[in-house]
Structure formats: structure tokens, C-alpha cells
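Each chain is listed here by its residues.
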Amino acid sequence: MTLLGQVLEIAASVGAQGVVVHGGSTVGGPAEEGCARWRDALERLEPTVPVFIENTAGRTTLARSVEGFARLWEAVGDMETGVVYDTCHAHAGEGEELVDFVERLLAETGRIDLVHGNDSKDGPASGRDRHQHLGKGTIDPELMLTSMLRADAPIVLETPVEGRAADIAWLRGRLGRVPVRPLA
């Protein structure tokens, strides 16, 4: 069994609402082959909990850009899958303006199920996935916040543990009490 299969089994056994995964790498091959591998893997695994696919920052990843995510979504969007928008990854991936990224991602997939709210230690289009505390990195705080609001999904912080309470306060101070609701 694959690692993803094992993680899905564990997630189902503890009642998890889903498993978040990065979009995967093209491993030097065409994106279409990577998308086909995803489809094949999900068909073989028959997930009992949703697989939430996250946009990524790496240089050879399928979901680095909205266009790449859209190709992957076309291959697996009709399966037990969902969409995760990560602010740091969108910034560090292609360096796109975040609100535009969210609008285009929504247009391509029809949904965003979860937001990973993170600032970035690195500049736009760096290809580096290094999360930073909210308002302390290289992403314009107001654009980051606006993009998270536009996604209209629950927000999870993946910032460094030490100092995360300040991130929660930063976010709540701008949003009011952050609603807690089911992912699916």
C-alpha cells in the first residue's frame, strides 16, 4: 500500500474530515503524466475521506500556478477531492497577486474548501515554501487578508508554533471571531 493509502486509512479511523496533500511533482515529465498518475492513484485507493489538494510553491510541482492546478483538477475534480489555497505557496510559487490567484482558482475549480493562512519568509516567485508569521513576512498583509476572505473558507494557520498566538490575534483582530465550521 502507498503512503497516501496508509494516511487515508488512519484518517478514516480517527474520523478526520479529510487529508491535505500537495499537488505533486511532474518529476521532469509532462504535467499530463503527473495528472494521470494522480487519477490512477485515487481510483486505486478509493478514498473514504476526501483528499484536499493544496497549491504548492516548488518549481516542478503540478499545482504551482492556477493553470497547473486547473489541469490537475480537470483530472481528479470529479473524485473525492477538495481544494486548499495556501497564501505563502501562491506568493512564492508564481508570485501572483493573491486576490487574482483566488479569483482564478475559484473560476477553475468552483470551490475553495480550506485556506492555509501563512506569510512568506521569501519573495514572490522564489519557489521556496517557508512560512512566516502573519504580517511579518514579504506578503502585503492587506492583500493576504483580502485573499483569505475572498476564498470564503475556514482558515488554518501553519505559521511557526512559537508566536502563533499572535497570528491568531492578528487574524481575529481583522476578521472578528474566526468562524469554525465543517470542511465538507
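This text goes with the structure placed above it.
To keep things clear, this report deals only with the structure shown in the data block. (Residues numbered from 1 in each chain as written. Predicted model: local features only at pLDDT ≥ 70, side-chain atom pairs only at ≥ 80, totals over all residues. Heavy atoms only, no water.)

In this section: helix 7 (residues 164-175). For helix 7, built from 12 residues, the straight-helix expectation of 16 Å at 1.5 Å per residue is met to within 8% by its first-to-last C-alpha distance of 16 Å. Buried within helix 7 we find D167, W170 and L171. Taken end-on, helix 7 shows its buried residues confined to a sector of 90°, consistent with a single buried face. Opposite the packed face of helix 7, turned more than 90 degrees from it, sit the exposed residues A165, A166 and G173. Buried residues in helix 7 make contact with helix 6 (141-151) and strand 7 (155-157). (Helix = DSSP H or I, 4+ residues; strand = E, 2+ residues; numbered from the N terminus. Expected span 1.5 Å × (residues − 1). Buried < 20%, exposed > 50% of the residue type's maximum accessible area, 1.4 Å probe, protein only. Arc of directions from axis to C-beta. Contact = heavy atoms within 4.5 Å.)

Along the polypeptide, A41 turns up in helix 2 (residues 31-45). For A41, a relative accessible area of 18% corresponds to the buried category. For A41 and A70, which are 29 residues apart along the polypeptide, the C-alpha to C-alpha distance reads 18 Å.

Moving on, we get to the side chain of N118. Residue placement: N118 occurs in the loop between strand 4 (114-117) and strand 5 (119-120). Judged by its relative accessible area of 0%, N118 falls in the buried class. A polar contact of 3.5 Å, which involves the side chain of N118, links it to the backbone oxygen of H116. A polar contact of 3.4 Å, which involves the side chain of N118, links it to the backbone nitrogen of T159. (Polar contact = N/O pair within 3.5 Å; in protein donor to acceptor, adjacent residues only side chain to side chain.)

This brings us to the packing of helix 2 against helix 3 (residues 66-76). Two elements in contact, helix 2 and helix 3, have axes separated by 9 Å at closest approach and are oriented at 35°. Of the two elements, helix 2 crosses helix 3, and the hand of that crossing is right-handed. In this structure, helix 2 uses A31, E32, C35, W38, R39 and L42 to contact helix 3, whose residues at the interface are R71, L72, A75 and V76. Its residues assigned to classes, the contact of helix 2 with helix 3 shows seven nonpolar, no polar and three charged. (Axes fitted to C-alpha atoms, helices over the stretch in contact; angles between N-to-C directions. Left-handed = near helix turned anticlockwise from the far one by under 90°. Nonpolar A, V, L, I, M, F, W, Y, C, P; charged D, E, K, R; others polar.)

Let's shift gears to the pattern of salt bridges. Tallied over the entire structure, the rule returns 11 salt bridges. For the salt bridge of R39 with D78, the shortest nitrogen-to-oxygen distance reads 2.5 Å. With R39 in helix 2 and D78 in the loop between helix 3 and strand 3 (81-86), this residue pair connects regions lying 39 residues apart in the sequence. By relative accessible area, which is 60% here, D78 ends up exposed. Note that E96 is salt-bridged to R104, the shortest N-O span being 2.2 Å. Judged by its relative accessible area of 17%, E96 falls in the buried class. (Salt bridge = Lys/Arg side-chain N within 4 Å of Asp/Glu carboxyl O.)

Formed by 41 residues in total, the largest nonpolar core has its most connected members in W38, Y85, I112, V115 and L171. No other element matches helix 3, which puts six residues into this core. Excluding residues that lie within four positions of it along the chain, W38 makes contacts with L4, V21, H22, G23, G24, V51, L62, L72 and V76. (Core = buried A, V, L, I, M, F, W, Y, C linked by side-chain atoms within 4.5 Å.)

On the secondary structure map, L62 appears in the loop between strand 2 (51-54) and helix 3. For L62, a relative accessible area of 4% gives the class buried. For the pair L62 and V49, spaced 13 residues apart in sequence, the C-alpha to C-alpha distance is 22 Å.

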